[in-house]
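Residue-level listing of the chains:
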Amino acid sequence: MYLMNNQKPLNYEVIESHVEYLKELKSQGKLMLCGPFTDYPGGMVIFLAEDLNEATKIAEADPFIASGFKSYEIRTIQLANEENNYLL
């Protein structure tokens, strides 16, 4: 996932580009969940990537980030679920 922090005010054009980018990630089967925070000035995108290199490329291609409207921080997660007994 990448967490985003606002750096400068957004405009409609960059929001529209960001949404198109999210739709493209969805069509590739990579987008899992995304949205702005309700209690913090920023948002996050949860997605699938093969490795940290691919994750970085995905984040840096987001128009919000590529255009300097938002900074980002990547976080990786080890999935805990029923199949792996929640990592016990």
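Since we're looking at a predicted model, the values are computed, not measured.

What follows covers helix 2 (residues 52-61). Because each turn of an α-helix spans 3.6 residues, side chains separated by three or four positions in sequence point in the same direction. Those residues of helix 2 not exposed but buried are E54, A55, I58 and A59. Buried residues of helix 2, seen end-on, are gathered within an arc of 135° and therefore sit on one face of the element. Opposite the buried face of helix 2, at more than 90 degrees from it, the exposed residues are L52 and K57. Of the surrounding secondary structure, the elements contacted by the buried residues of helix 2 are strand 1 (2-6), helix 1 (12-27), strand 3 (42-47), helix 3 (63-66) and strand 4 (70-74). For helix 2, the N-terminal cap is D51; the gap from its side-chain oxygen to the backbone nitrogen of N53 is 3.2 Å.

Mapping S71 onto the fold places it in strand 4. Taking relative accessible area as the criterion, S71 reaches 27% and is therefore assigned partly exposed. With 32 residues separating them in the primary sequence, S71 and D39 have C-alpha atoms 17 Å apart. Those residues within four positions of S71 in sequence are excluded, and the remaining contacts are L3, M4, N5 and Q7.

Conventions used here
Residues numbered from 1 in each chain as written. Predicted model: local features only at pLDDT ≥ 70, side-chain atom pairs only at ≥ 80, totals over all residues. Heavy atoms only, no water. Buried < 20%, exposed > 50% of the residue type's maximum accessible area, 1.4 Å probe, protein only. Helix = DSSP H or I, 4+ residues; strand = E, 2+ residues; numbered from the N terminus. Arc of directions from axis to C-beta. Contact = heavy atoms within 4.5 Å. Polar contact = N/O pair within 3.5 Å; in protein donor to acceptor, adjacent residues only side chain to side chain.

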